[in-house]
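Observations on chain architecture
The primary structure of each chain is shown beneath.
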Amino acid sequence: MLKLASCQLRQGELSRLAEVSVWICDSCRTFRAQPAMCSCVRSSRALSPALLPRLLVPHTAGYALAGRGLWTSTNSMQVVSGDSSQPLPLPSQARVVICGGGIVGTSVAYHLAKLGWTDIVLLEQGRLGAGTTKLCAGIVSVAKPISIECKMADYSNALYQQLEQETGVKTGYVKTGSLCLAQNQDRFISLKRLASRLKVMGISCNIVKPKDVAKLHPLVNIHDLVGALHLPSDAVVSPPDVNHAMAVAAAGRGVQILERTSVQQVLVEKGHVMAVETDRGSIECEYFVNCAGQWAYELGQASETKVSVPLHGCEHFYLLTKPLPGDLPADTPVVLDMDGRIYARPWQGGLLSGGFEKNPKPIFTEGRNQLEIQNMQEDWDHFEPMLSALLRRMPSLESAEIHQLVNCPESFTPDMRCLMGETPGVSGYYVLAGMNSSGLAFAGGGGKYLAEWITYGYPSANVWPLDIKRFGNLQSSRTFLRHRVMEVMPLLYELKVPRWDFQTGRQLRTSPLYDRLDTQGARWMEKHGFERPKYFVPPGKDLLSLDQSKTFYKPDWFDIVGAEVKCCKEAVCVIDMSSFTKFELTSSGDEALELLQHLCANDLDVPVGHIVHTGMLNQQGGYENDCSVVRLSKNSFFIISPTDQQVHCWSWIKKHMPSDPHLHLEDVSWKYTALNLIGPRAMDVLAELSYVSMTPDHFPSMFCKEMSVGYANGIRVMSMTHTGEPGFMLYIPIEYALHVYNEVMSVGQKYGIRNAGYYALRSLRIEKFFAFWGQDLDAFTTPLECGREFRVKFDKDTDFMGRAALLQQRHDGVSRRFVMLVLDDHDTELDLWPWWGEPIYCNGHLAGATTSSAYSYTLEKHVCLGFVSPPPGPDGLPAVITPDFINRGDYEVDVAGQRYPAKAKLYPFSSIVSQQHRRRKDDLELSNLQGE
């Protein structure tokens, strides 16, 4: 039964709702049939009859008012409302407490329950699904920028399709397919690249012509299109119904769901979650999951130990039309017109259309302004550009009748990727938030991966691009977030060519040499908030055109970087690499060595002064970190890691570090400026500045000495370059940085010294077959798969992390290998460039994908790095890969649909390294992966 203050409706009588006048009290949410005073002595306001069906949720015995916040199912769901006359008591303890009853929170609860967890409490400050979920556009598309997001969306699509059968709750799922339109060739190229990447993941898609678009969608104007990407499996759903279905399924597996219960803070003891404090009392717990959406940032800051959740809200607009003449079929494809900055989907016989404008409006700068998300103020002037774009794309809508302009909040993150995983400062505190207007598409897959993370300690896919530990406290400034999301929201539909950079939030972290390098023509990129030089524009070049250059083809900086590479090989270059993450681990006894021997795959028990390149592995043998470790003294170690590993590496070491007062870990990244001197004349420059012989006989490879350079003392000089070229790394106390740089540049003039940037470094490291952590290597890549077995201490009786997994893999054989591919028949001037993610084919069959690539100025060809696998065996299981498979295969690399033949190698091409600089294999393959 549906109960109002003075009328009743039986199940099946919803058609009569249009005849009912309904009033609602804004205070207690009581519905009435007359405009009488409510029991809370507040006046009621009229409610549009057309909106009443949205306020109803299915109930096993009829319909229950969502406004009352009290609904149960036969599957023992418990939903408690703060204004219920007899609320169920708040449990005193649970293993997991989830904050947020939107589609993200219910997905986490659903997937944890499916993995066997029973002691779970889901808290929602308002009503389930009454936040952004209620106003979500309902599009599930796999057209996402990075592979892990595509996987998440693809899983979500499959999940939502079967939820109705699993739960009996209708979800409104309709497989519509979608059309991503291209108005220009660059957009068309980006869609072709996306199609190639989706095919690697087994996702069906097709590049189609404009005339095919007209056949698939009757309303689309195709006169200015050059093509489109058709994704036949994309779908639309009703987000509140999907949310309800997952809540029903979760409750059926024992999850307690409490509405009208607000989380105030998370209590932490000794760095671990202990309890959650709510407005109705406290719940002791082991794990807390922040799925608070818009309020995730505030909740993190409100906790006893502050947790950084870098996201910010913006207004998001979409338009609803009334049914079109003849009704638009429910299975009409979704249209994504990114050049027009709009999307459109069928909705109740009409159309739902929104977009991502160039001038977004940030909201909710401070505090929780709303318990539940309401449709905010209409702004037709603001929506006008998107409306104009819609009418250009679908001119027949000129006569359509408007139903409503919806204005709802969406949360965005600093890099357009969602936030997932365990927070670095508090063990047991997990986050899944910041969906960048793709919450519905990501909720299913994100909930699955996070549930696996909590259950097993790691997810079943590489989620590093989404890991919350890619950010630190430096990205939590409200001003930074407000400015960055104003850039991020338009970028969601902006055409992004390789090597684009954010423009906001810059010059946050800089080297002491920043101003000096800037005046010498440095062009900057940003990594983890740190400014790093890409290349140096020579005097007389058109600086403006270089800064605005965007292309999928040969870039304008090609010759500039080529000159820097040439100087690295023939003379000497200096690269400021101060952004490296740098830790010092010390102890009074052998504690530091014992910890590193446990964490690292390579042997750290080496003489003082020696440098060891090693990986920190997880229990499955995958790389959690890739670093260089210098033994400064018997009980002191200097650890150098990739720039974006600052938070993750610190968290990984601290997680496995015993609570021992004799053991101390310090982040000294800010204490040292790092200069990389690359080239055959680097030893001449340093010898002249230090009055010490720098030849290999006096300064062997992979060795560190503390010495004077110019007037500065205490410089850590290391005989390595991260590129395979001869040279040195100088770690300079920050107060000496400018002096040492000036001295190096002054003395180096006679040897042809010049500045170089990270683009030159990238070219050098890739042609040397050096892997890069976070791009080539990840938590699922083992040393045996990337040719680094010689860096694993199998011969030592040391039980390091991942040892058992590596021994088993060595026994069974590996099913994939890291290879180097050099493209043939590829015209650097005219053909599209490979960048990363391109499919690799062997003997005509898909064998893998590239992970990084660069133009080799030495080979005068493009070089790609990536992983390949042989076809599965007769039993369907992965086959063991052999050198013969790699060496005898006919390889091709697919660049936006065009295949180029390639030669595959397991080792660098001999022509890359000149005979006079050939080194031992382990030195040659040194790949200190923080180079990018």
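The rules behind these values
Residues numbered from 1 in each chain as written. Predicted model: local features only at pLDDT ≥ 70, side-chain atom pairs only at ≥ 80, totals over all residues. Heavy atoms only, no water. Core = buried A, V, L, I, M, F, W, Y, C linked by side-chain atoms within 4.5 Å. Buried < 20%, exposed > 50% of the residue type's maximum accessible area, 1.4 Å probe, protein only. Helix = DSSP H or I, 4+ residues; strand = E, 2+ residues; numbered from the N terminus. Contact = heavy atoms within 4.5 Å. Polar contact = N/O pair within 3.5 Å; in protein donor to acceptor, adjacent residues only side chain to side chain. Arc of directions from axis to C-beta. Salt bridge = Lys/Arg side-chain N within 4 Å of Asp/Glu carboxyl O. Pairing = 2+ DSSP bridges. Axes fitted to C-alpha atoms, helices over the stretch in contact; angles between N-to-C directions. Phe/Tyr/Trp six-rings, centres within 6.5 Å; stacked < 30°, edge-to-face > 60°. Lys NZ or Arg CZ within 6 Å of the ring centre and 35° of its normal. Parallel < 35°, antiparallel > 145°, perpendicular 65-115°, else oblique. Left-handed = near helix turned anticlockwise from the far one by under 90°. Nonpolar A, V, L, I, M, F, W, Y, C, P; charged D, E, K, R; others polar. Disulfide = S-S within 2.5 Å.

Our focus in this paragraph is the nonpolar core. If you look at the biggest cluster of nonpolar residues, it comprises 93 residues, and the most contacted ones within it are Ile98, Leu112, Tyr160, Val289, Tyr343, Met420 and Leu450. Top contributing element to this core by residue count: helix α8 (residues 439-456), with nine residues. If we skip the residues at most four places from it in the chain, Tyr343 touches Ala137, Ile139, His316, Tyr318, Val335, Leu336, Leu352, Ser353, Gly354, Gly355, Phe356 and Tyr493. Core analysis: the second largest hydrophobic core is formed by 48 residues, Phe800, Leu823, Ile886 and Ala902 among them.

Moving on, we come to the side chain of Gln597. Within the fold, Gln597 resides in helix α13 (residues 591-599). For Gln597, the side chain forms a polar contact with the side chain of Asp603, separated by 2.9 Å. What Gln597 contacts, discounting residues up to four positions off in sequence, is Asn602, Asp603, Leu604, Asp605, Lys793, Thr798 and Phe800.

For the rest of this paragraph, the subject is helix α15 (residues 682-690). Among the residues of α15, Ala682, Val685, Leu686, Leu689 and Ser690 are the ones counted as buried. Across the axial projection of α15, the buried residues extend over an arc of 110 degrees, all falling on one side. Tucked into the core, α15 has its buried residues touching β37 (672-678), β38 (704-709), β39 (712-718), β40 (727-733) and α16 (737-748). Looking one or two residues past α15, Tyr691 carries a phi angle of roughly 55 degrees, positive in sign.

Another point: the pattern of salt bridges. It is possible for side chains bearing opposite charge to pair when their charged atoms get close. Inspection of every chain in the model, using the stated rule, returns 38 salt bridges. Note that Arg681 and Asp684 form a salt bridge whose closest N and O atoms lie 2.6 Å from each other. Among the charged side chains, a network of salt bridges with common partners joins Lys569, Glu725, Glu767 and Lys768.

This brings us to the sheet that holds strand β42 (residues 817-823). What the six strands build is a closed barrel, ordered β42-β45-β44-β43-β46-β47; its pairing is antiparallel. Strand-to-strand, the axes of this sheet are offset by a mean angle of 40 degrees, without reference to chain direction. Taken together, the five bridges between strand β46 (residues 891-895) and strand β47 (residues 898-905) define a ladder with antiparallel strand orientation. In the strand pairing of β47, Val893 is matched with Tyr900. Against the sheet, helix α17 (residues 758-767) engages β42, β44 (845-856) and β45 (861-868), with an angle of about 130 degrees to β44.

Per the stated rule, a full pass over the model turns up 26 aromatic pairs. Pairwise contacts between aromatic rings join Tyr535, Trp557, Phe558, Tyr759, Trp833, Trp835, Tyr855 and Tyr857 into one cluster. One Lys or Arg, Lys705, reaches over the ring of Phe699 and ends 4.9 Å from the middle of that ring.

Axis separation between helix α1 (residues 103-114) and helix α5 (residues 239-252) bottoms out at 8 Å; the angle between their running directions is 30 degrees. One element, α1, and the other, α5, form an angle in the roughly parallel class. At the point where α1 passes α5, the crossing takes the left-handed sense. For the pair α1 and α5, contact is made by Ile103, Thr106, Ser107, Ala109, Tyr110 and Ala113 and by Pro239, Val242, Asn243, Met246, Ala247, Ala249 and Ala250, respectively. Taken together, the residues that form the contact of α1 with α5 break down as 10 nonpolar, three polar and no charged.

Here we take up the environment of Pro607. Structurally, Pro607 can be placed in the loop between α13 and β33 (611-617). The sequence separation of Pro607 and Val630 amounts to 23 residues, and the corresponding C-alpha distance is 9.8 Å.

Attention now goes to the state of the cysteines. In the structure shown here, the tally under the stated rule is zero disulfides. Not engaged in a disulfide, the cysteine Cys180 finds its nearest cysteine sulfur in Cys205; these two sulfurs lie 9.6 Å apart.

Strands sit in the order β17-β18-β19 across an open sheet of three strands; the sheet is antiparallel. A single partner strand is all that each edge strand has here, and the edge strands are β17 (263-269) and β19 (281-284). On average, each strand axis in the sheet is inclined to that of its neighbour by 25 degrees, with strand direction left out of account. Here β17 runs beside strand β18 (residues 272-278); their pairing, made up of six bridges, is antiparallel. Residue Gln265 lies in a different strand from β18, and its bridge partner there is Glu277.

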